Amino acid sequence: MRKTVIAGNWKMNLSEKEAVSLAQSIKEKIPPKSKDRVALVFPSMIHLASVAKLLEGSGVLVGAQNCYPSGLAAFTGETSPEQLKEIGVGVVMIGHSERRQFLGESNSFCNEKVRFLLKEGFTALYCVGETLSERESGKTFAVIGAQIREGLQGIESNSFSKLILAYEPVWAIGTGKVATPAQAQEVHAFIRKEVAGLFLGAAEVAQSISILYGGSVKPDNIQALLKEADIDGGLVGGASQKIDSYAGLF
Ligand code: PEP
């Protein structure tokens, strides 16, 4: 059975006080694994330690929105997985479209990060998705196929249990334009097929991997998305940053 994960991406939003207060409300209002849904939140880096401490032992998982694929070293402004481990963070998001678009992250750099994280025992949430112009010019599957193949190359078969994928069409992020369940399902099924083709024997791995949908997910559209065979949860930005809308996803 694949895990249903309801992940909240707080991005570069919220003050320290707001982040801690949201975490406290999540702890009170979202019972661990309620309705078999796993809660996972990604505060911004500066709030990570306080939120991780507050949610320790609550069943709510806490992840980082990024990391640098190295142990402690001279990479000014970056964060090592080793430092994340020390504050109890065991999940890292890689390849969010905002990092690809605005910070120039390539599939190969994402691959370096995913491989490093898995080797260090972290769970990696790897994001893929096409832009509006890529969709309109019929390139959706080519773009996503490359993001999957290049982003996941060289990963050992036994590490896939620590990997979560997210399909986030860029045109649906923060725009209020959610993909229809059928549009999302079509891409999720394609992603599963691509994973199945990564190496000999990957068919079973592909069936067991959770693929989340992201892009304007709200309490009123999540149920229809989750009914689709290959949609195993949501990666949610705006609606995860307020307790009522985040709790409404469970
Ligand atoms: C996101 O940040 O990954 C996201 C999907 O944002 P939103 O839910 O606001 O579209």
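Residues numbered from 1 in each chain as written. Predicted model: local features only at pLDDT ≥ 70, side-chain atom pairs only at ≥ 80, totals over all residues. Heavy atoms only, no water.

Things to note about the UniProt feature "active site" (unreviewed entry) in the protein
Inclusion rule: UniProt positions are given in the numbering used here, feature names are shortened, and annotations may be inferred rather than shown by experiment. The helix and strand labels rest on DSSP assignments: H or I over at least four residues marks a helix, E over at least two residues marks a strand, and numbering proceeds from the N terminus. For the exposure calls, accessible area comes from a 1.4 Å probe over protein chains only, and a residue counts as buried if that area is under 20% of its type's maximum, exposed if over 50%, partly exposed in between. When checking whether two residues touch, look at their non-hydrogen atoms; a contact exists if any pair is within 4.5 Å. Two N or O atoms count as a polar contact when they lie within 3.5 Å, although within protein this holds only if one can serve as hydrogen donor and the other as acceptor, and sequence-adjacent residues are included solely when both atoms are side-chain atoms.
The sites that UniProt annotates as "active site" (unreviewed entry) are H96 and E168. Look at the named residues: they lie 73 residues apart in sequence, but the longest C-alpha span between them is just 8.3 Å, so in the fold they bunch up. Along the chain, H96 falls in the loop between β4 (91–94) and α4 (97–102). Judged by its relative accessible area of 5%, H96 is buried. Once residues lying within four places of it in the same chain are set aside, the contact partners of H96 are N9, K11, C127, E168 and I173. A polar atom in the side chain of H96 sits 3.0 Å from the backbone nitrogen of E98.

A closer look at the side chain of N9
Among the secondary structure elements, N9 is positioned in strand β1 (residues 4–9). Judged by its relative accessible area of 4%, N9 is buried. Polar side-chain contacts of N9 include one of 3.0 Å to the backbone nitrogen of K11. Here the side chain of N9 touches H96 through a polar contact of 3.4 Å, side chain to side chain. Apart from the residues lying within four places of it in its own chain, the contact partners of N9 are F42, Q65, M93, H96, L235, V236, G237, S240 and Q241.

Brief notes about helix α5 (residues 107–119)
The line we're drawing: One less than the residue count of a helix, multiplied by 1.5 Å, gives the span that helix is expected to have.
Here α5 is 13 residues long and its end C-alpha atoms lie 18 Å apart, about the 18 Å a rise of 1.5 Å per residue gives. By the burial criterion, the buried members of α5 are N107, C110, N111, K113, V114, F116, L117 and L118. Turning to α5, the residues buried within the fold contact α3 (81–86), β4, α4, β5 (123–128), α7 (140–151) and β6 (163–167). In the segment just after α5, G121 is the residue with positive phi, at about 85 degrees.

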